[in-house]
Amino acid sequence: MPVRPIVSIALADCYDDAVLSDAVSRLFADLHINEKIRPDMRVLLKPNLLMKRKPEEATTTHPVLVEVVIRELQQHGITKITIADSPGGPYTAAMLKGIYAVSGMEAVAQRTGVCLNEDLGYGVRKNPDGITIQEFTLIRPVLEADFIIDLPKLKTHGMTVMSGAVKNLFGTIPGLMKPEMHMRLPERERFASMLVDLCETVRPGLSICDAVISMEGDGPSGGQPRTTGFLAASENPYALDIVLAHAIGLLSGDVEMLRQAIERGLSPDLSDICQTGDSLPIFTDFQKPSAVKNLDFSNSFPLPRFLRSRILRQVTPLPRIRKKDCIGCGKCAESCPAHTIRIENHRACIRYDQCIKCYCCHEMCPVKAIDIQSGIIPRLLEKRGKEQPHG
């Protein structure tokens with residue numbers, strides 16, 4: 001009989017160093033992590049460093065959690081520790097340096113003596129068992145690590161519904177190769193399948209989610225911070241995400257990558273996951289992304305699959321930029337895999353007929369000027385042959 005995956009919960013009501021130190025120590029003990037690591041190992045910490053945001057904005061993994069995990073590893077004799085991520089946008093030294101500084105990772109590295117990755121190299125790792133993708137280009141620290149600790153932030157996500165341990169690993173793909181993946185796999189089902197293939201390729205040894213303050217609404221960058229008050233950890237990233245989904249009022253079937261992970265036998269569903277430690281907080285009023293809320297109606301009608309898919313394509317929400325708030329920085333155009341966005345008169349404009357609805361522009365807007373709204377109006381404009389400025 002398969003071993004039930006364990007997810008450990010530790011309540012933590014703030015980012016106080018002592019509070020998180022105690023919580024992380026309990027997580028390590030519950031999961032017997034000291035039995036899986038050795039002093040000679042090269043350990044990679046992979047936080048969520050999506051973009052240049054301060055810790056209090058709840059977009060990135062909090063630096064106190066990263067520092068506490070580092071100290072826990074150092075107490076077990078680990079000295080070769082690297083913090084690495086490939087954030088949204090180009091994978092450049094300047095981009096990394098800016099994000100490390102603003103997110104607090106630079107200060108963490110200075111205090112603990114660990115390495116902040118500045119190596120822009122990458123390579124290929126094959127996964128012949130992949131369903132959708134059989135090989136991935138990954139940043140070099142992933143390829144060189146003996147043990148990977150995935151440190152996601154609990155957030156909603158416009159395309160994948162939720163961002164947790166599995167989605168966080170998308171940041172192991174370098175730079176603008178991520179938008180290329182969106183372009184190759186615009187359908188949600190195939191994109192979710194790719195994320196499961198990627199997780200099986202990277203294979204983190206441990207995942208610890210920062211759910212002290214999470215993000216609800218239009219995450220992963222445009223939502224609102226929400227105090228949820230806990231950390232959660234597991235050796236099985238799918239089981240961890242299934243428990244996290246339950247905490248914010250989602251079923252496993254609501255999150256396509258988790259549905260597929262269960263279908264592949266990579267994790268049981270919630271009832272067969274062993275939860276240990278503190279009681280899991282449940283937030284039934286946690287706000288979903290607009291893109292998901294606007295599609296909820298589709299589950300209310302017993303439509304044939306082919307017809308349901310056709311209707312969804314017609315009414316799937318589209319990104320709309322508030323013209324008065326757009327600063328014309330071009331981050332949306334830079335991140336658009338379909339190259340449908342351009343800057344005109346210092347404002348972003350889109351070709352809706354070419355939009356693949358990946359919401360990368362919404363994700364990467366530094367001033368949160370992009371909303372996800374019903375696709376009906378933009379499609380009417382499109383049929384009239386217009387190019388509609390966002391706003």
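Residues numbered from 1 in each chain as written. Predicted model: local features only at pLDDT ≥ 70, side-chain atom pairs only at ≥ 80, totals over all residues. Heavy atoms only, no water.

Glancing now at the overall build of the chain. The helix and strand tally for the chain stands at 15 helices and 16 strands. Across the 391 residues that make up the chain, the buried fraction comes to 57%. Restricting to contacts in the chain with at least 6 residues of sequence separation, those with at least 24 account for 74%. When the accessible surface of the chain is split by element, carbon and sulfur atoms take 52% of a total near 16500 Å². (Helix = DSSP H or I, 4+ residues; strand = E, 2+ residues; numbered from the N terminus. Buried < 20%, exposed > 50% of the residue type's maximum accessible area, 1.4 Å probe, protein only. Contact = heavy atoms within 4.5 Å. Areas by Shrake-Rupley, 256 points an atom, 1.4 Å probe, with all protein chains shown as cover.)

Quick look at the packing of helix α8 (residues 188-202) against helix α10 (residues 256-263) now. Running from N to C, α8 and α10 cross one another at 60 degrees; their axes reach a closest spacing of 8 Å. The angle between the axes of α8 and α10 places the two elements in the oblique class. Crossing handedness for the pair α8 and α10: right-handed. Side by side, α8 and α10 meet where Arg188, Glu189, Ala192, Ser193, Leu195 and Val196 of the first sit next to Glu256, Met257, Gln260 and Ala261 of the second. Class assignment of the residues belonging to the contact of α8 with α10 gives a composition of five nonpolar, two polar and three charged. (Axes fitted to C-alpha atoms, helices over the stretch in contact; angles between N-to-C directions. Parallel < 35°, antiparallel > 145°, perpendicular 65-115°, else oblique. Left-handed = near helix turned anticlockwise from the far one by under 90°. Nonpolar A, V, L, I, M, F, W, Y, C, P; charged D, E, K, R; others polar.)

What follows concerns α10. Within α10 the residues assigned to the buried category are Met257, Leu258, Gln260 and Ala261. The buried residues of α10 occupy one face: seen down the axis, they fall within an arc of 160 degrees. In the core, the buried residues of α10 are packed alongside β9 (161-163), α6 (165-168), α8 and α9 (237-247). (Arc of directions from axis to C-beta.)

Another aspect to go through is the nonpolar core. Counting 117 residues, the largest nonpolar core has Leu45, Leu73, Met194 and Phe230 as the members making the most contacts within it. With residues up to four places along the chain from it excluded, the contact list for Leu73 reads Phe28, Ile37, Val43, Leu45, Ile78, Ile81 and Ile149. (Core = buried A, V, L, I, M, F, W, Y, C linked by side-chain atoms within 4.5 Å.)

Moving on, we get to the side chain of Ser214. Position of Ser214 among the secondary structure elements: in strand β10 (residues 206-216). At 2.7 Å, the side chain of Ser214 and the side chain of Thr228 are in polar contact. Not counting chain neighbours up to four residues away, the residues in contact with Ser214 comprise Ala58, Leu154, Gln224, Pro225, Arg226, Thr228 and Phe286. (Polar contact = N/O pair within 3.5 Å; in protein donor to acceptor, adjacent residues only side chain to side chain.)

Right, let's talk about the environment of Pro47 for a bit. Tracing the sequence through the fold places Pro47 in strand β2 (residues 42-47). Distance in space between the C-alpha atoms of Pro47 and Thr60 is 7.5 Å, their sequence separation being 13 residues. Among residues more than four places away in sequence, those in contact with Pro47 are Thr61, Val66, Ile83, Ala84, Asp85, Leu151 and Asn168.

What follows concerns unusual backbone geometry. The step from Gly219 to Pro220 runs through a cis peptide bond, and the omega angle for that step is 20 degrees. Checked against the element boundaries, Pro220 lands in the loop between β10 and β11 (224-234). We note that His32 has phi near 55 degrees; this positive angle belongs to a residue other than glycine. Relative to the assigned elements, His32 resides in the loop between α1 (17-30) and β2. Here Lys368, not a glycine, exhibits a phi torsion of approximately 55 degrees, which is positive. On the accessibility criterion, Lys368 (31% relative accessible area) is partly exposed.

The tally for this structure, following the rule as stated, stands at 26 salt bridges. Where salt bridges share partners, they join Asp17, Glu67, Arg71 and Arg111 into one cluster. (Salt bridge = Lys/Arg side-chain N within 4 Å of Asp/Glu carboxyl O.)

A word on the packing of aromatic side chains. This structure, assessed with the given rule, holds one aromatic pair. Considering the side-chain rings of Phe170 and Phe191, the 5.4 Å spacing of their centres and the 80 degrees angle between planes classify their relative orientation as edge-to-face. On the criterion of sequence distance, the pair formed by Phe170 in the loop between α6 and α7 (177-184) and Phe191 in helix α8 is long-range, its members being 21 residues apart. Owing to a relative accessible area of 1%, Phe191 belongs among the buried residues under this scheme. (Phe/Tyr/Trp six-rings, centres within 6.5 Å; stacked < 30°, edge-to-face > 60°.)

Below, the discussion takes up the pairing of strand β14 (residues 341-344). Pairing analysis gives four bridges linking β14 to strand β15 (residues 347-350), with the strands arranged antiparallel. Note on β15: the bridge partner recorded for Glu344 is Arg347. Counting the residues in the hairpin turn of β14 and β15 gives two residues, including Asn345, whose phi is positive at 55 degrees. (Pairing = 2+ DSSP bridges.)

So, about the confidence of the model for the chain. For the chain, per-residue confidence averages 91 on the pLDDT scale, and residues scoring 70 or more make up 89% of the total. Contacts from residues 296-301, a stretch scored under 50 in pLDDT, to residues over four places away or in other chains number six contacts. In the predicted structure, residues 384-391 sits below a pLDDT of 50 and forms 23 contacts with residues beyond four places in sequence or in another chain. (pLDDT = per-residue confidence, 0-100.)

Moving on: the environment of Ile9. By the secondary structure assignment, Ile9 is in strand β1 (residues 6-11). Residue Ile9 is classed as buried on the basis of its relative accessible area of 1%. Sequence separation of Ile9 and Phe230 is 221 residues, and the distance between their C-alpha atoms is 6.9 Å. Aside from chain neighbours lying at most four places away, what touches Ile9 is Leu27, Phe230, Leu231, Ala232, Val243, Thr276, Gly277, Asp278, Ser279 and Leu280.

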